[in-house]
Amino acid sequence: MTSDQIWQPLVEELARWQRADRKAEFWLRDDDAVDPTPALDRLLDLTGQFAIPVTLAVIPALTDGKLVARLDEAPHATVAIHGWAHRNHAPEGQKKQELDPHRSREAVLDDLARGLSRITGLHGARAVPMLVPPWNRIDASLISELGSIGFAALSVYGPPKPASLAVINSNVDIMDWHGTRGCRDHGILVQTIIAQSRRAFDDGEPVGLLTHHLVHDESAWLFLERLFTVTARTEACAWLPIRTLVRRGAGRAIPGKV
Ligand SMILES: [Zn+2]
């Protein structure tokens, strides 16, 4: 299959939005930033070139002013809180988790409050009080506490569940973690994006693309460039800044639910 053949179904999907006089909404979350690196430069250059707002989930305990200086030159980047140290506390043989039920609630919430304070202290107005749990996992009973320590939003992976704060999830992961550990097949990814776009047409939750710049192979970079090119060619697609989604999601949150 040629590249054009792989991407044509998405072109047609976006044309459907155009005919309905609507915009398909996308947002981009990239995880695990700590320091300026060539891979981060590449992500910031590519997204900057297409004017795509990018939310970097930054690991608070491991980052410092070097990232701040780099992002001062990338006004399209915002920063969210990626746990505290991206450290696994789950027992051997269980799925990795930092925000886990194996420690006291106080210990986990202390870590999170410290993470929020550190990222906000470093990045100021660039920081968005959104928690991105490492490995996309958080003990469900902690979610109702996030508002009380200053978080306005939570972002994990998959369909959002009603919560006491805005939940803005990613739903298309471009990496094949359990297979090649490189980019997933482009044709399959295009079909996944189309499926999410159709769901979004009905429920209004945006298509949330998830990337990990530090482990991208050439195929991952190529996929992003093609996706940005296709979505730039139509007015029926908008890449939204996370702040817009937090503001909108906050209005929809269900008080008292976790
Ligand atoms: Zn991570």
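Refer to the structure presented above.
These notes cover the structure that comes with them. Everything numeric in this text was worked out from a predicted model, so none of it was measured. Counting of residues starts from 1 at the beginning of each chain's written sequence and follows it residue by residue. Reporting in this predicted model follows two pLDDT cut-offs: at least 70 for local features of residues, and 80 or more for side-chain atom pairs to be given and counted; totals over whole chains, interfaces and linings ignore these cut-offs and use all residues. As a rule here, side-chain values cover all heavy atoms of the structure and leave hydrogens and water aside.

Attention shifts here to the nonpolar core. Among buried residues, the Ala, Val, Leu, Ile, Met, Phe, Trp, Tyr and Cys ones that are joined through side-chain atoms within 4.5 Å form a nonpolar core. Whether a residue is buried, partly exposed or exposed follows from its accessible area with a 1.4 Å probe, protein chains only, as a fraction of its type maximum: under 20%, in between, or over 50%, in that order. Core analysis: the biggest nonpolar cluster contains 62 residues, and L10, L56, L131, L209, F223, L227 and W239 have the highest contact counts within it. Within the second largest apolar cluster, 14 residues are counted, among which are V128, A153, I168 and L240.

On to helix α6 (residues 218–232). In this model α6 runs 21 Å from its N-terminal to its C-terminal C-alpha over 15 residues, within 8% of the 21 Å that 1.5 Å per residue would give. Those residues of α6 that are buried are in contact with α1 (3–19), β1 (24–33), α2 (38–49), α5 (186–203), β8 (207–211) and β9 (237–239). Helix numbers and strand numbers start at the N terminus; a helix is a DSSP run of H or I with at least 4 residues, a strand a run of E with at least 2. To estimate how far a helix should reach, multiply one less than its number of residues by 1.5 Å. Any two residues whose heavy atoms approach within 4.5 Å at even a single point are treated as in contact.

When the centres of two rings from Phe, Tyr and Trp lie within 6.5 Å, Trp using its six-membered ring, the rings pair. Their planes under 30 degrees apart give stacked, over 60 give edge-to-face, and anything left gives tilted. In this structure the tally under the stated criterion is five aromatic pairs. With 4.8 Å between their ring centres and 75° between their planes, W17 and F201 make a pair best called edge-to-face. Placement of the pair is W17 in helix α1 and F201 in helix α5, with a sequence separation of 184 residues. Put simply, the rings of F26, F50, F228 and W239 touch in pairs and so form one group of aromatic residues. Think of it as a cone above the ring: NZ of Lys or CZ of Arg counts as a charge over the ring if it is within 6 Å of the ring centre and within 35 degrees of the ring normal. Just above the ring of F201 sits the side chain of R16; from NZ or CZ to the centre is 4.5 Å. For R22, the ring lying beneath its charged end belongs to F201, and the centroid distance is 4.3 Å.

A carboxyl oxygen of Asp or Glu within 4 Å of a side-chain nitrogen of Lys or Arg is what we treat as a salt bridge. Inspection of every chain in the model, using the stated rule, returns 14 salt bridges. Its salt-bridge partner being R70, residue D45 comes within 3.9 Å of it at the nearest N-O pair. Highlighted residues: D45 in helix α2 and R70 in helix α3 (residues 65–71), separated in sequence by 25 residues. Owing to a relative accessible area of 15%, R70 belongs among the buried residues under this scheme. Residue E145 is joined to R105 by a salt bridge in which the shortest nitrogen-to-oxygen separation is 2.9 Å. Of this pair, E145 sits in the loop between β4 (127–131) and β5 (153–154) while R105 sits in helix α4 (residues 105–123), and the two are 40 residues apart along the sequence. A single salt-bridge network, built from bridges that share partners, covers D100, R103, D111 and R114.

This part covers the coordination of the zinc ion. Metal coordination angles have textbook ideals: 109.5 degrees for a tetrahedral set of four donors and 90 or 180 degrees for an octahedral set of six. For Na, K and Ca the donor cutoff is 3.2 Å, while for all other metals N, O and S atoms must lie within 2.8 Å; water is not among the atoms, so some sites may look incomplete. Protein ligation of the zinc ion involves D32 (OD), H82 (NE2) and H86 (NE2), the donor distances falling in the range 2.1 Å. Each donor residue of the zinc ion lies on the same chain, and together they follow the pattern D-x49-H-x3-H. With D32 in strand β1 and H82 in the loop between β3 (77–81) and α4, this pair connects stretches of sequence that are 50 residues apart. You can call H82 buried: its relative accessible area is 1%.

As far as function goes, none of this settles anything; it's purely spatial.
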